[in-house]
Amino acid sequence: MKNLMMNHNAKIYVAGHRGLVGSAIVRALHRVGYNNLVLRTRAELNLTNQAAVEAFFQSERPRYVFLAAAKVGGILANSTYPAEFIFQNLLMQENIIEGARRVGADRLLFLGSSCIYPKFAAQPMREDALLSGTLEPTNRPYAVAKIAGIEMCWAYNRQYGTRYLAAMPTNLYGPGDNYDLQTSHVIPALIRKLHEAGISRQREVVLWGTGTPRREFLYSDDLAEACIFLMNLNQKTFDSLVQSETDAPLINVGSGRDQTIQELAELIADVVGFDGLLRFDPSKPDGTPRKLLDTSRLSSLGWEPKTSLRQGLELAYQEFLNALDPATSPRGVSVHNPPGDKLLNEGDSRALR
């Protein structure tokens, strides 16, 4: 029987390689000796163009596919552009999954989001919570698109015998994050906001919401390691994840620990050296009360994250400092947005997704 574990010489396509997740996967692949990578920027390949994606797959014929490309965002972005979130994500997913099938790719890993689970799912959220309740309204179009991606992987596995697995990561942060205050997620937004508050000697910073929602976070390089771990599972174990008639080919990836947004903000304040007052504005939305993934399925396979939250925040803050533009401020308050396509990096500083 054919051995489907990733061959070091085989061609590997990472869709969305300039985004937070995709760039981490590329770094992790290089670290363990995978160098035959196929990478395309948005300018080189528009993933919403079916004909272009089909031509790309027919030309390159990758054996393994990491589907990390997505249009992402937080509460404000999802509420403002719901049509774009569902339309663009559906197109990208469908084109890549179908393209991989047409060329007979051995394995595909589809990266989703923990927002696929119901707003009031039992905590921690198990994989079988999928479609068991009502979604969070503020990002329902995005969540529905991701759920469709899972269903597509499952349907293809059943009908075509493909081996497509969906990994659902928790909230992510790390190298290549987006620090634009208008479009970033909660950790990079807090890092920048509290850093700038310290530089300008503000005594108080006002943050959205009550500070009570609980969130789990995972360093992006840890997620990347988990993705490569999953794609390298032996055939019997991998097949057990993707060939069930009754269970979606779905596995959670997280740290297994959560904290309140207030606790997160206090930790970031300590890391960046801001000693002023943190005040929360309860008139602003909180999002889902709690999102903690049950990662026991992945843990039982032998994988655990390596980076603690504080370690990850210290690394992220150092990266933020390295990206500062000294031409705009003595301490570089202005930050270059990370390289990459906006399509793959959009977010919202007020996101508590």
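Up top you'll find the structure we're talking about.
Description of the structure in this document. If you're wondering where the values come from, they're calculated on a predicted model, not measured in any experiment. (Residues numbered from 1 in each chain as written. Predicted model: local features only at pLDDT ≥ 70, side-chain atom pairs only at ≥ 80, totals over all residues. Heavy atoms only, no water.)

A separate point is helix α5 (residues 140–160). With 21 residues, α5 extends 29 Å between its outermost C-alpha atoms, agreeing within 8% with the 30 Å of an ideal straight helix rising 1.5 Å per residue. Once α5 ends, the next one or two residues include Gly161, with phi positive near 75°. (Helix = DSSP H or I, 4+ residues; strand = E, 2+ residues; numbered from the N terminus. Expected span 1.5 Å × (residues − 1).)

Cis geometry marks the peptide bond from Gln123 to Pro124; its omega dihedral reads -10°. Among the secondary structure elements, Pro124 is positioned in the loop between β4 (107–111) and α5. A positive phi angle, close to 50°, is found at Arg61, a residue other than glycine. Locating Arg61 in the fold gives a position in the loop between α2 (50–60) and β3 (64–67). On the basis of relative accessible area, Arg61 is assigned to the partly exposed category, the value being 43%. Its identity is not glycine, yet Leu131 carries a phi of approximately 60°, on the positive side. The residue Leu131 is located in the loop between β4 and α5 in this model. (Buried < 20%, exposed > 50% of the residue type's maximum accessible area, 1.4 Å probe, protein only.)

This paragraph deals with the side chain of Ser23. With respect to the helices and strands, Ser23 occurs in helix α1 (residues 20–31). Among all residues touching Ser23, those that are not within four sequence positions of it are Gly16, His17, Arg18 and Pro175. (Contact = heavy atoms within 4.5 Å.)

Looking now at helix α9 (residues 261–272). The terminal C-alpha atoms of α9 lie 16 Å apart, and with 12 residues this matches the ideal 16 Å at 1.5 Å per residue to within 8%. Taken together, the buried positions of α9 are occupied by Ile261, Leu264, Ala265, Ile268, Ala269, Val271 and Val272. In a view along the axis of α9, the buried residues occupy a sector of 160°, so they form one face of it. For α9, the elements touching its buried residues are α6 (186–199), β7 (204–208), β8 (214–219), β10 (258–260), β11 (277–281) and α11 (309–322). Gly273 sits one or two positions beyond α9 and adopts a positive phi of about 85°. (Arc of directions from axis to C-beta.)

Attention now goes to the pairing of strand β1 (residues 12–15). Here β1 shows a buried face lined by Ile12 and Val14 and a second buried face lined by Tyr13 and Ala15. The pairing of β1 with strand β2 (residues 37–38) spans 2 bridges and is classified as parallel. Bridged to Tyr13 within β2 is Val38. Taken together, β1, α1 and β2 form a β-α-β motif whose crossover is right-handed. Relative to β3, β1 runs parallel, the two sharing 4 bridges. Along β3, the bridge assignment pairs Val14 with Phe66. (Pairing = 2+ DSSP bridges. Right-handed = clockwise from strand over helix to strand, strands pointing away.)

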